[in-house]
Amino acid sequence: MILPIYVYGQPVLRKVAEDIKSDYPNLKELIANMFETMDNAEGVGLAAPQIGLPIRVVVINLDVLSDEFPELKGFRKTFINPHILEVSGEMEDMEEGCLSLPGIHENVKRAGKIHVHYLDEDMQPHDEIVEGYLARVMQHEFDHLDGKMFIDHISMMRKQMIRGKLSAMLKGKVRCAYKVKAVKI
Ligand code: NI
């Protein structure tokens, strides 16, 4: 089932999300819905707060990039209760967008390497060092679980440039190709 994506201004996007227990109700269905919602919106990642749930669940699909990066073929994974333990490596600058910030694309500096801990969809623990594009997507998505969005990482000057778009969103004015839940005023 395709769910509406919560847009900038919705308070749930600014909450710190909670870890879930293995008996979280209808988890498989929730994950399937998150993949369907992400695919429909043509995103590479979706965090549960973006569908209104303040819990630590993220789906990532990097298969869409496999033409350019063959090693990403078939990469569709769920990350439950993820936590970044350490960031390292060179800071890298790359343009990002977000399904909760339609129409906004800005360069964001992020660490090139992360040490991450998470559970997969079978609740098996993983402890990994991740680099490259996946490290960037993970940092973006896991930020959502800490109430952060990519615009928090851009300069005051760039934020000033997108102020009009942000204030339109705060007034509930959003135009995009997928179903959203904008702020009601
Ligand atoms: Ni995002």
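Residues numbered from 1 in each chain as written. Predicted model: local features only at pLDDT ≥ 70, side-chain atom pairs only at ≥ 80, totals over all residues. Heavy atoms only, no water.

## Overview of the sheet that holds strand S6 (residues 125-131)
Argument step 1. Pairing within the open sheet is antiparallel, and its five strands lie in the order S2-S3-S4-S5-S6. Whereas interior strands pair on both sides, the edge strands pair on one side only; in this sheet they are strand S2 (45-47) and S6. Pairwise comparison of adjacent strand axes, ignoring direction, gives a mean angle of 35° for this sheet.
Argument step 2. Of the strand pairs in this sheet, strand S4 (residues 76-96) and strand S5 (residues 106-119) are connected by twelve bridges, and their pairing is antiparallel. If you follow Met94 over to S5, its bridge partner there is Val108.
Argument step 3. The strands touched by helix H1 (residues 27-40) within the sheet are S2, strand S3 (57-61) and S4, with S3 carrying the most contacts at an inclination of about 45°. (Pairing = 2+ DSSP bridges. Helix = DSSP H or I, 4+ residues; strand = E, 2+ residues; numbered from the N terminus. Axes fitted to C-alpha atoms, helices over the stretch in contact; angles between N-to-C directions. Contact = heavy atoms within 4.5 Å.)

## Quick notes on the coordination of the nickel ion
Around a metal, the ideal angle is 109.5 degrees if four donors adopt a tetrahedral arrangement and 90 or 180 degrees if six donors adopt an octahedral arrangement.
Argument step 1. Surrounding the nickel ion are the protein donor atoms Cys98 (SG), His140 (NE2) and His144 (NE2), at 2.1 to 2.2 Å.
Argument step 2. Counting along the primary sequence, the residues that act as donors to the nickel ion give the motif C-x41-H-x3-H. Separated by 46 residues along the polypeptide, Cys98 in the loop between S4 and S5 and His144 in helix H2 (residues 132-145) bring together distant segments of the chain. For the residue pair Cys98 and His144, the accessibility class agrees, reading buried in each case. (Donors = N, O, S within 2.8 Å, 3.2 Å for Na, K, Ca; no water. Buried < 20%, exposed > 50% of the residue type's maximum accessible area, 1.4 Å probe, protein only.)

## Quick word on the layout of surface pockets
Argument step 1. Empty space within the largest pocket amounts to approximately 380 Å³.
Argument step 2. What lines the largest pocket is a set of 21 residues, and nearest its centre among them are Val44, Glu96, Gly97, Cys98 and Tyr133.
Argument step 3. Taken together, the residues that form the lining of the largest pocket break down as ten nonpolar, six polar and five charged.
Argument step 4. Together, 16 residues line the second largest pocket, and Ile84, Val87, Gln139, Asp143 and Lys148 are the ones closest to its centre.
Argument step 5. Looking at the lining of the second largest pocket, the element that brings in the most residues is S4, giving five residues.
Argument step 6. Here the residues of the lining of the second largest pocket sort into seven nonpolar, three polar and six charged. (1 Å grid on protein atoms, 1.4 Å probe; cavity = no way out; pocket = protein on both sides within 12 Å on 5 of 7 lines; lining within 4 Å. Points joined across faces, edges and corners; volume = space filled by probe spheres on them. Nonpolar A, V, L, I, M, F, W, Y, C, P; charged D, E, K, R; others polar.)

## Quick notes on the environment of Lys173
Argument step 1. Within the fold, Lys173 resides in the loop between helix H4 (163-170) and strand S7 (180-181).
Argument step 2. Given a relative accessible area of 57%, Lys173 falls into the exposed group.
Argument step 3. Linking Lys173 and Glu42, residues 131 residues apart in sequence, is a C-alpha distance of 21 Å.

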